[in-house]
Amino acid sequence: MVSLTKTSSEESIPQSGSARLVEVTRGDLVESQHFGRMAICDQYGHVLAAWGNIETAFYPRSAVKMIQALPLLESGAADHFGLTERYLALACASHNGELCHADAIMQWLADLELKDLCII
């Protein structure tokens, strides 16, 4: 069973500002706990509910890859440059530069008539 519960300050990790967000159980046994910070906001950015210290700085890393790819779509660049689903998936992905990903990037650059020097 997986549950998401609002936690008390006693159920947090003080040094990180994280709160227990999820507890996975098997019967009466707690199998794992997952800690983090989370907020639910309305369309104006007002916090409706929060878990942990949402003011604490953090590195979102892979959690925001899809959000980082939104301007590619919203600007019209994806349509303009004929972005395929393969390239959109690559733009949203977290990967380790495996050969299949590197090949896809090199093909994408070739399709855009760019050189591999464009990779930062």
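Scroll up to find the structure.
## Considerations on the overall build of the protein chain
Broken down by element type, the protein chain carries four helices and six strands. Walking the protein chain from its N terminus toward its C terminus, one meets helices and strands in the order β-β-β-β-β-β-α-α-α-α. Considering the protein chain as a whole, with its 120 residues, one finds that 15% of them fall into the buried category. Roughly 9,300 Å² of accessible area belongs to the protein chain as shown, and the carbon and sulfur atoms make up 58% of that amount.

## Some points on the pairing of strand 3 (residues 18-26)
Where strand 3 meets strand 4 (residues 29-36), seven bridges bridge the pair, whose relative direction is antiparallel. In the sheet register, arginine 20 faces strand 4, and the bridge partner there is phenylalanine 35. Between strand 3 and strand 4, which pair antiparallel in sequence order, lie two residues; one of them, glycine 27, sits at a positive phi of approximately 65°.

## A short note on the packing of helix 3 (residues 85-92) against helix 4 (residues 99-111)
Two elements in contact, helix 3 and helix 4, have axes whose closest approach is 11 Å; the angle formed by their N-to-C orientations is 120°. By the angle between their directions, the pair helix 3 and helix 4 is classed as oblique. You can see that helix 3 and helix 4 cross each other, and the crossing is left-handed. Residues Arg86, Tyr87, Leu90 and Ala91 of helix 3 pack against Cys100, His101, Ala104, Ile105, Gln107, Trp108 and Asp111 of helix 4. Of the residues belonging to the contact of helix 3 with helix 4, the class tally is seven nonpolar, two polar and two charged.

## Some details on the pattern of salt bridges
Evaluation of the coordinates by the stated rule reveals two salt bridges. We note a salt bridge from glutamate 31 to arginine 26, for which the minimum N-O separation is 2.1 Å. For glutamate 31, a relative accessible area of 42% gives the class partly exposed. Classification of arginine 26 by relative accessible area gives exposed; the value is 59%.

## A word on the pairing of strand 5 (residues 38-41)
In summary, the side chains of a regular strand alternate between the two faces of the sheet. Relative to strand 6 (residues 47-51), strand 5 runs antiparallel, the two sharing four bridges. Bridge pairing links methionine 38 to tryptophan 51 in strand 6. Taking the residues that link successive antiparallel strands as the turn, the strand 5-strand 6 hairpin has five residues, and the phi of glycine 45 there is positive, at about 90°.

Definitions and limits used
- Residues numbered from 1 in each chain as written.
- Predicted model: local features only at pLDDT ≥ 70, side-chain atom pairs only at ≥ 80, totals over all residues.
- Heavy atoms only, no water.
- Helix = DSSP H or I, 4+ residues; strand = E, 2+ residues; numbered from the N terminus.
- Buried < 20%, exposed > 50% of the residue type's maximum accessible area, 1.4 Å probe, protein only.
- Areas by Shrake-Rupley, 256 points an atom, 1.4 Å probe, with all protein chains shown as cover.
- Pairing = 2+ DSSP bridges.
- Axes fitted to C-alpha atoms, helices over the stretch in contact; angles between N-to-C directions.
- Parallel < 35°, antiparallel > 145°, perpendicular 65-115°, else oblique.
- Left-handed = near helix turned anticlockwise from the far one by under 90°.
- Contact = heavy atoms within 4.5 Å.
- Nonpolar A, V, L, I, M, F, W, Y, C, P; charged D, E, K, R; others polar.
- Salt bridge = Lys/Arg side-chain N within 4 Å of Asp/Glu carboxyl O.

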